[in-house]
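# Structure at a glance
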Amino acid sequence: MSRNNEVADLLDEFADLLEAQDVEYKPRAYRNAAESIDDLSVAIEGLAADGPDRVAEIDAVGDAISAKIVEYVETGEIAELEAVREELPVEMDALTRIEGVGPKTVGTLYEELGVQTLADLEAAAEAGEIQELYGFGATTEQNILEGIDFARQADGRELLARALPRADRVLAFLDGVTAVERVELGGSIRRRRPTIGDVDVLVGSEDGAAVVDAFTAWEVPERVVEAGSEKASVRLDGVRVDLRVVDPAEFGAALQYFTGSKTHNVAVRNRAIDRDLKLNEYGLFDISAVESPDAGQRVGERVAGPDEAGVYAALGMEHVSPELREDRGEVAAAVAGDLPDLLTRAAPRGDLHTHTNWSDGAASIEEMVGAADAFGHEYLAITDHATGPGMVGGVGLDDEQLREQLPAIREVNDEADIEVLAGVEANIDTEGAVSVDDDLLARLDIVVASPHIKLDGDGTDRLVTAAKHPEVDIVGHPTGRQLNKRSGMTVDVERLASRRRRARHRTRDKRKSPAARPPGKRRSDRNRRRREGRRRHGRPHTG
Ligand code: DGT
Ligand code: CA
Ligand code: CA
């Protein structure tokens, strides 16, 4: 496993600190470099070992940044970053989690008011000190106060996509430890929750002490938080990792227990009780012939334990995928054999929401289509941002630019092995109006409309209005939430979806959809196989 994420995080932190100090250009350069390193398919430390010239070959990484990367890989720190950290000792991540508070604001608040933490910020806002600052006002101060609670809740929770690479490193390490017989992730990361409090790792081993010793001696984590005979916690790239070691004979029951969620476990345990069974982290036990079932943890005859599948089977239910274990009816569905099919990586047939370098995407139309083809997609829609309400910084295309882009998309389509649809991501204003000219929308194959302003309160009415627009096919990110940043709008999805269905029926005949088009495209064997394999998964799902 590579340290790419770690290096990218440091460069992002560097960028934030420089931006807070009003340094120009550099922050952008550091962020571009960070993004590029996040996307690397090789390990950064391998390149660094070959020297700064090799590192500077990475896209968006110049000589100055490459020298810092090599310095970090060799010495474990970047002297210049340490210096800026001292000049600006603020909890940047926590503070910028508040919507509307960016690194620049953090810099000003530190310079003017000495704000370092969320608590400092709250005190300053409550005392009315923020609205007195140049460039701030009462509204900003009020927004900050309102955002603090949300930022607190988010505090310490890591995005799944950032936690997973760290978890992979832990798994890879433990796989190589001799005493480890089995290892799996548990907790919210196994359930693939959007944000992760800590990473739970479960090991099956006869020798807990050896596993804990190896784990706490591992040189990669920043520090060991605690260590016992059968468990240990470390901090790795800012994420807490909880390790627990159990007897291999009890691994399945422990995995079921430590995967959670707590409410799912309660529902499963109730089913066990109804069937005269006792379920806990040590196993599933038949207690029908036992006089005092509470006399110990391992009372009765063990009917499941080593494998998690055995636990669910012995309870007369289908195995419940971890993603479904949230007590939303999955236990009853598993008993009835009625669990839904989950999407797999092979299931999506195409992508109907993408941006290119025409707006704020990083890649060209050709590159996007090439990557989609390589991924196995049958179709790809190009839906760059249109300019309009909420589109800041000149990101979106105006109608004229969209008219220019249309033939460019058609041209790529003519050359491509997959279907390339011409589309747009238009903006929905506060009243539900859609930002692009109707005539232009009518010429496109697919129209995504998304809200980008006033992303709070109830958004159902404006979204329903947009969805009823005859040219709109998809409402994009309806709530506008941003994980760990803002909760977004509340939306009555049922009402929105029922409106949508009616609108679709009206327009179905008028416009071609990927499914309705004649199969004019040559497709690779791989695509055909994928398509056939997928038929039972039903309609494509778009996110
Ligand atoms: P997180 O870490 O906040 O994202 O959420 P989880 O679900 O990973 O929670 P965590 O790490 O506290 O515990 C992992 C699992 O262990 C949890 O999903 C269920 C189980 N568990 C932990 N503590 C308890 C408990 O007190 N009672 C029960 N029934 N289960 C527990
Ligand atoms: Ca956890
Ligand atoms: Ca935990």
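Residues numbered from 1 in each chain as written. Chains lettered and ligands numbered in written order. Predicted model: local features only at pLDDT ≥ 70, side-chain atom pairs only at ≥ 80, totals over all residues. Heavy atoms only, no water.

## Some remarks on the coordination of the calcium ion (ligand 2)
Taken together, Asp 198 (O), Asp 198 (OD) and Asp 200 (OD) make up the full set of protein donors to the calcium ion (ligand 2), lying 2.1 to 2.7 Å away. Around the calcium ion (ligand 2), the six donor atoms are arranged such that angles at the metal cover 68 to 161°; this shape is classified as irregular. In this structure, the calcium ion (ligand 2) lies 3.7 Å from the calcium ion (ligand 3), and both are coordinated by Asp 198. Take Asp 198 and Asp 200: they sit in the same class, and that class is buried. (Donors = N, O, S within 2.8 Å, 3.2 Å for Na, K, Ca; no water. Tetrahedral: all angles 85-135°; square planar, octahedral: opposite > 155°, others 65-115°. Buried < 20%, exposed > 50% of the residue type's maximum accessible area, 1.4 Å probe, protein only.)

## Observations concerning the sheet that holds strand β15 (residues 474-475)
In space, the five strands of this open sheet follow the order β11-β12-β13-β14-β15, with parallel pairing throughout. Two strands in the sheet have a free side with no partner beyond their single neighbour: β11 (350-351) and β15. For strand β12 (residues 379-385) and strand β13 (residues 419-428), the ladder comprises seven bridges, and the chain directions are parallel. Note on β13: the bridge partner recorded for Thr 383 is Gly 423. The strands touched by helix α21 (residues 460-468) are β13, β14 (446-451) and β15; relative to β13, the strand with the most contacts, the crossing angle is about 140°. (Pairing = 2+ DSSP bridges. Helix = DSSP H or I, 4+ residues; strand = E, 2+ residues; numbered from the N terminus. Contact = heavy atoms within 4.5 Å. Axes fitted to C-alpha atoms, helices over the stretch in contact; angles between N-to-C directions.)

## Topic: the site of ligand 1
With respect to spatial proximity, 14 residues lie near ligand 1, and among them Arg 157, Ser 188, Gly 197, Asp 198 and Asp 200 are the closest. Between ligand 1 and Gly 197 there is a distance of 2.8 Å, counted from an oxygen atom to a backbone nitrogen or oxygen. Side-chain polar atom of Tyr 257 to a nitrogen atom of ligand 1: 3.5 Å apart, as the coordinates give it. In the complex, the protein chains occlude 68% of the 600 Å² of accessible area that ligand 1 would expose alone. Elements that contribute at least two residues to the shell around ligand 1 include exactly α12 (187-190) and α14 (251-259). The element contributing the most residues to the shell around ligand 1 is α14, with three residues. Across the shell around ligand 1, the residue classes break down as three nonpolar, six polar and five charged. Two domains each donate at least three residues to the shell around ligand 1, and these are domain 2 (158-246) and domain 3 (251-336). (Near = heavy atom within 4 Å. Polar contact = N/O pair within 3.5 Å; in protein donor to acceptor, adjacent residues only side chain to side chain. Areas by Shrake-Rupley, 256 points an atom, 1.4 Å probe, with all protein chains shown as cover. Nonpolar A, V, L, I, M, F, W, Y, C, P; charged D, E, K, R; others polar. Domains from an automatic or database assignment.)

## Regarding the pairing of β12
A large share of β12 lies buried, amounting to seven of its seven residues. Looking at chain direction, β11 and β12 are connected through two bridges and run parallel. Bridge pairing links Gly 350 to Tyr 379 in β12. Remark: the β11/helix α18 (residues 365-375)/β12 crossover connection has right-handed handedness. (Right-handed = clockwise from strand over helix to strand, strands pointing away.)

## A word on the packing of helix α2 (residues 26-38) against helix α5 (residues 63-75)
Orientation of α2 relative to α5, taken along the N-to-C sense of each, is 60°, at an axis distance of 11 Å. Compared by their axis directions, α2 and α5 come out oblique. Judged by the twist between their axes, the crossing of α2 over α5 is right-handed. Two secondary-structure elements touch here, α2 through Ala 29, Tyr 30, Ala 33 and Ile 37 and α5 through Ile 65, Lys 68 and Ile 69. (Parallel < 35°, antiparallel > 145°, perpendicular 65-115°, else oblique. Left-handed = near helix turned anticlockwise from the far one by under 90°.)

## Focus: the domain arrangement of the chain
Domain annotation for the chain reports domain 1 (4-154), domain 2 (158-246), domain 3 (251-336) and domain 4 (350-526). The interface is formed by four residues belonging to domain 1 together with five residues belonging to domain 2. Between domain 1 and domain 2, roughly 380 Å² of surface is buried when both sides are summed, and carbon and sulfur atoms account for 22% of that area. At the surface where domain 1 touches domain 2, the tally comes to three salt bridges. (Buried area = accessible area lost by both parts, 1.4 Å probe. Salt bridge = Lys/Arg side-chain N within 4 Å of Asp/Glu carboxyl O.)

## Some points on the nonpolar core
With 46 residues, the main nonpolar core has Leu 11, Ile 37, Val 55, Val 61, Ile 69, Leu 121 and Ile 130 as its most contacted residues. If one sorts the elements of this core by residue count, helix α1 (residues 4-20) sits on top with nine residues. Setting aside anything within four residues of it in sequence, one finds Leu 121 in contact with Leu 95, Ile 98, Leu 109, Val 115, Ile 130, Ile 144 and Ile 148. Grouped together as the second largest cluster of nonpolar side chains are 35 residues, Val 369, Val 436, Leu 444 and Ala 449 included. (Core = buried A, V, L, I, M, F, W, Y, C linked by side-chain atoms within 4.5 Å.)

## Brief notes about the coordination of the calcium ion (ligand 3)
In this structure, Asp 198 (OD), Asp 198 (OD), Asp 200 (OD) and Asp 242 (OD) serve as the protein donors to the calcium ion (ligand 3), at separations of 2.3 to 2.8 Å. The sequence motif formed by the donor residues of the calcium ion (ligand 3) is D-x1-D-x41-D.

## Thoughts on the pattern of salt bridges
On inspection of all chains with the given rule, the structure shows 28 salt bridges. Two residues, Asp 242 and Arg 240, come together in a salt bridge whose shortest N-O distance is 3.0 Å. By relative accessible area, which is 14% here, Asp 242 ends up buried. Taking the shortest distance from any N to any O, the salt bridge between Lys 278 and Asp 294 comes out at 3.9 Å. Here the residue Lys 278 occupies a position in strand β8 (residues 277-280), and Asp 294 occupies one in the loop between β9 (283-286) and β10 (301-304), the gap between them amounting to 16 residues. Given the relative accessible area of 15%, Lys 278 is considered buried.

## Considerations on the packing of α1 against helix α6 (residues 79-87)
Between two packed helices, what matters for the description is the angle formed by their axes and the separation of those axes. Interhelical geometry of α1 versus α6 gives an angle of 45° and a closest axis separation of 10 Å. Comparing the axis directions of α1 and α6 gives the class oblique. Two packed elements cross with a definite hand, and for α1 against α6 that hand is left-handed. Residues Leu 10, Glu 13, Phe 14 and Leu 17 of α1 pack against Glu 80, Leu 81, Val 84 and Arg 85 of α6. Tallied by class, residues from the contact of α1 with α6 come to five nonpolar, no polar and three charged.

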